[in-house]
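Structural description and commentary
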Amino acid sequence: MTTTASRTATSTAATITTGLLAGTFYVFACAVMPGLGRSSDEVYVEVMRNINEVIQNPVFLLSFLGAPVLTAVAAWQLRGAPGRRWMWAALAANVLAFLVTVLINIPLNDALMEAGDPAVLREEFEGAWVGWNVVRGVLSTVGLGCLAWGSVRQPAGGRAA
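Residues numbered from 1 in each chain as written. Predicted model: local features only at pLDDT ≥ 70, side-chain atom pairs only at ≥ 80, totals over all residues. Heavy atoms only, no water.

1. A word on the nonpolar core
In summary, soluble globular proteins display a tendency toward joint burial of nonpolar side chains. Of all hydrophobic cores here, the largest spans twelve residues; its members are F28, M33, L36, Y44, V45, M48, I51, L108, L112, L121, F125 and W129. Those elements that provide at least two residues to this core are α1 (3-36), α2 (41-54), α4 (84-112) and α5 (118-152). Counting residues per element, this core draws most heavily on α2, which supplies four residues. Leave out the neighbours within four places in its chain, and F125 touches M33, Y44, M48, L108, N109 and L112. A75, L78, A81 and L147 belong to the second-largest nonpolar core, a separate cluster that totals eight residues. (Core = buried A, V, L, I, M, F, W, Y, C linked by side-chain atoms within 4.5 Å. Buried < 20%, exposed > 50% of the residue type's maximum accessible area, 1.4 Å probe, protein only. Helix = DSSP H or I, 4+ residues; strand = E, 2+ residues; numbered from the N terminus. Contact = heavy atoms within 4.5 Å.)

2. Regarding the packing of aromatic side chains
According to the stated counting rule, one finds six aromatic pairs in the structure shown. With centroids separated by 5.9 Å and ring planes inclined at 15°, the aromatic side chains of F60 and F64 adopt a geometry described as stacked. Here F64 and F60 lie together in helix α3 (residues 58-77), a separation of four residues that amounts to about one turn. Using a relative accessible area of 11% as the deciding quantity, one classes F64 as buried. Between W86 and W149, the ring centres sit 6.5 Å apart and the planes meet at 80°, which makes this aromatic pair edge-to-face. In this pair, W86 is assigned in helix α4 and W149 in helix α5, connecting sequence segments 63 residues apart. Look at W86 and you get partly exposed, because its relative accessible area is 38%. By way of ring pairs, the aromatic residues F28, Y44, F125 and W129 are connected into one cluster. Cation over ring: R79 sits above W76, and NZ or CZ is 4.1 Å from the ring centre. (Phe/Tyr/Trp six-rings, centres within 6.5 Å; stacked < 30°, edge-to-face > 60°. Lys NZ or Arg CZ within 6 Å of the ring centre and 35° of its normal.)

3. Focus on the environment of A115
Take A115: it is sitting in the loop between α4 and α5. Given a relative accessible area of 78%, A115 falls into the exposed group. When the C-alpha positions of A115 and N133 are compared, they lie 23 Å apart, and in sequence the two are 18 residues distant. When near neighbours in sequence (up to four residues on either side) are disregarded, A115 contacts R49 and L121.

4. What to know about a nonpolar patch on the surface
Judged by side-chain polarity, V95, L96, L99, V102, L103 and I106 come together as a nonpolar surface patch covering roughly 450 Å² of accessible area. Looking at the element boundaries, L103 is found in helix α4. (Patch = residues over 30% accessible without salt bridge, like charges linked within 9 Å, V, L, I, M, F, W, Y side chains within 5 Å. Areas by Shrake-Rupley, 256 points an atom, 1.4 Å probe, with all protein chains shown as cover. Salt bridge = Lys/Arg side-chain N within 4 Å of Asp/Glu carboxyl O.)

5. Description of α3
When the terminal C-alpha atoms of α3 are compared, their 26 Å separation across 20 residues agrees well with the 28 Å that a helix rising 1.5 Å per residue should span. Burial in α3 covers these residues: S63, F64, G66, A67, P68, T71, A74, A75 and Q77. Taken together, the buried residues of α3 touch α1, α4 and α5. Among the residues of α3, the N-terminal cap falls to N57, whose side-chain oxygen and the backbone nitrogen of V59 are separated by 3.0 Å. (Expected span 1.5 Å × (residues − 1). Polar contact = N/O pair within 3.5 Å; in protein donor to acceptor, adjacent residues only side chain to side chain.)

6. Considerations on the packing of α2 against α5
α5 packs onto α2 with a crossing angle of 60° between their chain directions and a minimal axis gap of 9 Å. On the basis of their axis angle, the class for α2 and α5 is oblique. Handedness of the crossing formed by α2 with α5: left-handed. Counted together, D41, E42, Y44, V45, M48 and R49 of α2 and P118, A119, L121, R122, F125, E126 and W129 of α5 form the full contact between these two elements. (Axes fitted to C-alpha atoms, helices over the stretch in contact; angles between N-to-C directions. Parallel < 35°, antiparallel > 145°, perpendicular 65-115°, else oblique. Left-handed = near helix turned anticlockwise from the far one by under 90°.)

Following this line, the structure appears as structure tokens:
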């Protein structure tokens, strides 16, 4: 594979995985959580527990880990090339979204899995999780925009200088 083809493939894969994550967080913010918010405490906790269990799968993991890793590779491949700053900005946004998930959303998910009164569990979970989901959604969307813009800044066909 040529250098240009490798760069294009990596940037495309980074853009796709970042877009999938941004879309996931967006759907949770716009539909899943508002819809679930209409449910009783028992239903809310049960459904979120179910979601937390089923989302831990190889397909989601490819996007979740792929977005920051592929963006890092794309940024490295394009060092010195036009659009490189956009790739590094995308990497920063993706890493921040990853950190929000790992440091805030996942611990909230884990706490929700513990036994307890559904009303108390929901009270401790819902507001914080929804707010931080919006943060990671915005970060992923910024990352997606930066990847897209950085990709179109590359010269067509030839070697990026």
